[in-house]
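# Summary of structural features
Spelled out from the first residue to the last, the chains are:
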Amino acid sequence: KGSGVGKTNFVYNGPSNGYAIEVKGRENVVLQDFSLDGATKTRNAIHVVSSKNVLIENLDVYRSTEAGLFVKYSHQLTVRRNTFRDSTLWQGFRMLDCPFKDATERRCTDLYEAEKSPYGVVWTNNLLIYENKILNNMQSGMSSHSQQVEFAGNIFDGQQWAGIKLSDSEDLYFHNNILKN
């Protein structure tokens with residue numbers, strides 16, 4: 001936990017295509033009250049994989065290459081009152097459990113990797129995404145390959161391609177979101 005956005009500031013200085021913060025195979029994690037500059041070197045500024053019960057709150061995450069927040073094979077996440085902005089390649093917030101095998105075939109049951117999850121989750125599920133600002137990202141603000149997600153009070157603005165990209169998702173509930181541009 002930091003002292004607040006703009007008060008606790010982290011700047012990624014690791015190798016290109018690394019992760020500033022990786023939460024892998026963890027439970028009961030809180031990331032709260034700080035700024036994270038990916039310095040256009042991070043692949044994903046925050047990388048959450050095969051984890052359970054994660055709270056991400058009051059962060060300003062910016063200048064990653066692929067995504068400010070990337071979530072895969074995880075469940076019971078709450079993402080609220082954050083800003084994800086200025087990703088230079090993909091999205092501000094990305095949930096991707098179903099990677100492309102090639103241009104025509106998807107491996108939507110990437111069982112090898114999912115079986116390594118301590119929770120056996122093949123699809124990211126049970127997420128609450130509230131009151132986030134997702135701004136000025138290269139492709140779309142958010143990409144969701146997920147189940148059982150509630151999106152409420154989020155602002156999507158200034159993306160180059162789309163506010164929200166929904167592929168292979170189910171049981172999504174949207175209310176009181178603002179999509180611009």
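Heads up: these notes are all about the structure in this document. (Residues numbered from 1 in each chain as written. Predicted model: local features only at pLDDT ≥ 70, side-chain atom pairs only at ≥ 80, totals over all residues. Heavy atoms only, no water.)

Before going further, it helps to examine the overall build of the chain. From N to C terminus, the chain includes one helix and 17 strands. Going through the 181 residues of the chain one by one, you find that 51% of them count as buried. Of the contacts made within the chain by residues no fewer than 6 positions apart, 58% connect residues no fewer than 24 positions apart. Total accessible area on the chain stands at roughly 8600 Å², and carbon and sulfur atoms take up 45% of it. (Helix = DSSP H or I, 4+ residues; strand = E, 2+ residues; numbered from the N terminus. Buried < 20%, exposed > 50% of the residue type's maximum accessible area, 1.4 Å probe, protein only. Contact = heavy atoms within 4.5 Å. Areas by Shrake-Rupley, 256 points an atom, 1.4 Å probe, with all protein chains shown as cover.)

What follows concerns the pattern of salt bridges. Once their charged atoms are close, side chains differing in charge can pair, the charge on each being opposite to the other. Evaluation of the coordinates by the stated rule reveals eight salt bridges. For the salt bridge of glutamate 66 with arginine 94, the shortest nitrogen-to-oxygen distance reads 3.6 Å. Of this pair, glutamate 66 sits in the loop between strand S5 (52–62) and strand S6 (67–72) while arginine 94 sits in strand S9 (residues 91–95), and the two are 28 residues apart along the sequence. Side by side, glutamate 66 and arginine 94 carry an identical accessibility label, which is buried. Within the structure, one salt-bridge network assembled from shared partners comprises Glu57, Arg80, Arg81 and Glu131. (Salt bridge = Lys/Arg side-chain N within 4 Å of Asp/Glu carboxyl O.)

Within S9, five of the five residues are buried, which leaves the element mostly enclosed by the surrounding structure. Where S6 and S9 come together, four bridges link them in parallel fashion. Among the inter-strand pairings, valine 71 is bridged to a residue of S9, identified as methionine 95. Two elements, S9 and strand S12 (residues 140–144), share three bridges in a ladder whose sense is parallel. Residue pairing for S12: methionine 95 is matched across the bridge by serine 144. (Pairing = 2+ DSSP bridges.)

Moving on to the environment of isoleucine 56. Assignment of secondary structure puts isoleucine 56 in strand S5. Sequence separation of isoleucine 56 and leucine 31 is 25 residues, and the distance between their C-alpha atoms is 4.9 Å. When sequence neighbours within four positions are dropped, the list of residues in contact with isoleucine 56 reads Leu31, Val48, Leu69, Thr78, Val79, Arg80 and Asn82.

The topology assignment puts serine 140 in strand S12. Spatially, the C-alpha atom of serine 140 lies 8.9 Å from that of glycine 158, the residues being 18 residues apart in sequence. Ignoring anything within four residues of it in the chain, the contact list for serine 140 reads Trp90, Gln91, Gly92, Gln159, Trp161, Ala162, Gly163 and Lys165. One polar contact links serine 140 to glutamine 91, side chain to side chain, over a distance of 3.4 Å. (Polar contact = N/O pair within 3.5 Å; in protein donor to acceptor, adjacent residues only side chain to side chain.)

The next point concerns the nonpolar core. With 26 residues, the main nonpolar core has Val48, Leu69, Phe93 and Ile129 as its most contacted residues. At the level of secondary structure, the elements contributing two or more residues to this core comprise strand S3 (27–37), strand S4 (42–49), S5, S6, strand S7 (75–80), S9, strand S10 (124–130) and strand S13 (146–152). Not counting residues within four places of it along the chain, the set of residues in contact with isoleucine 129 comprises Val79, Phe93, Met95, Met142, Val149, Glu150, Phe151, Ala152 and Asn154. (Core = buried A, V, L, I, M, F, W, Y, C linked by side-chain atoms within 4.5 Å.)

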